[in-house]
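# Residue-level structure breakdown
Single-letter residue listing:
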Amino acid sequence: MITITFLTNGGMTATAPENSNLLRVSLREKGGIPFKCGGGLCGTCRCKIESGLEHTDAVKPKERKHLTEADLAAGHRMACQTFVNGDISVSWIPLSERKR
Ligand code: FES
């Protein structure tokens, strides 16, 4: 099992099997990562892997539509497109603080 720490949700933690989808774990455990489509289109699930980036899978083409190379290098991912195979901690900008 792996541990995911939801930093923007008060640092709550959840455990999940290896190779779990990050958004699915967030939904199941009430981690709180924002989302809309769940399918890689809307970009709402944008988050930042603050530690354990090496425990995430390869960046998908859909993510590159929303994230620049600099974003990716800084650890940004789209949670619905990201699978996790080791411990990570993740943060995000709350919807209420995003520019529309
Ligand atoms: S929830 Fe829409 S892109 Fe991830």
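An unreviewed UniProt entry lists the chain under the name Ferredoxin, with Prosthecomicrobium pneumaticum as the source organism.

## Remarks on helix 1 (residues 22-29)
Among all positions in helix 1, only Leu22, Leu23, Val25 and Ser26 are buried. Projection of helix 1 onto a plane perpendicular to its axis shows the buried side chains occupying an angular sector of 160°, all on one side. Residues of helix 1 that are buried make contact with strand 1 (2-6), strand 2 (12-16), strand 3 (20-21), strand 6 (83-84) and strand 7 (88-91). Phi turns positive, to about 60°, at Lys30, one or two residues after helix 1.

## Brief notes about the nonpolar core
One broad rule of soluble globular proteins: the nonpolar side chains tend to lie buried together. In terms of nonpolar packing, the biggest core is built from 17 residues, with Leu23, Ile33, Cys45, Ala79 and Val90 touching the most fellow members. Of all the secondary-structure elements, those providing two or more residues to this core are strand 1, helix 1, strand 4 (46-51) and strand 7. By residue number, the principal contributor to this core is helix 1, which donates 3 residues. Beyond its immediate stretch of four places on either side in the chain, Ala79 contacts Leu22, Leu23, Ser26, Ile33, Phe35, Cys45 and Cys47.

## Examining the sheet that holds strand 1
Reading across the sheet, the 5 strands line up as 2-1-7-4-5 and stay open at both edges, with mixed pairing between neighbours. Of all strands in the sheet, those with a lone pairing partner are strand 2 and strand 5 (76-78), marking the two edges. In this sheet, neighbouring strand axes are inclined to one another by 35° on average, regardless of whether the strands run parallel or antiparallel. Relative to strand 7, strand 1 is paired through 3 bridges, and the arrangement is parallel. Its bridge partner being in strand 7, Ile4 is matched across the sheet by Ile88. Helix 1 contacts strand 1, strand 2 and strand 7 of the sheet and is inclined by roughly 115° relative to strand 2.

So, how was this worked out
Numbers given to residues run from 1 along each chain, matching the order in which its sequence is written. It should be noted that, the model being predicted, local features are given only for residues of pLDDT at least 70 and side-chain atom pairs only at 80 or more, the latter also being counted only at that level, while totals for whole chains, interfaces and linings use all residues. Exposed residues have 12 or fewer other C-beta atoms within 10 Å of their own C-beta, buried residues have 20 or more, and residues in between are partly exposed; the C-beta atoms are placed from the backbone. To qualify as a helix, a DSSP run of H or I must reach at least 4 residues; to qualify as a strand, a run of E must reach at least 2; elements of each kind are numbered from the N terminus. In this description, the arc belongs to the directions extending from the helix axis to the C-beta atoms. Each residue is represented by a C-beta atom placed from its backbone, and any two residues with such atoms within 7 Å are regarded as in contact. What we call a nonpolar core is a set of buried Ala, Val, Leu, Ile, Met, Phe, Trp, Tyr and Cys residues whose membership is set by joining through C-beta atoms within 7 Å. Pairing between strands requires that DSSP locate at least two bridges from one strand to the other. The angle between two axes is taken between their N-to-C directions and runs from 0 to 180 degrees, where each axis is a line fitted to C-alpha atoms and a helix contributes only its stretch in contact.

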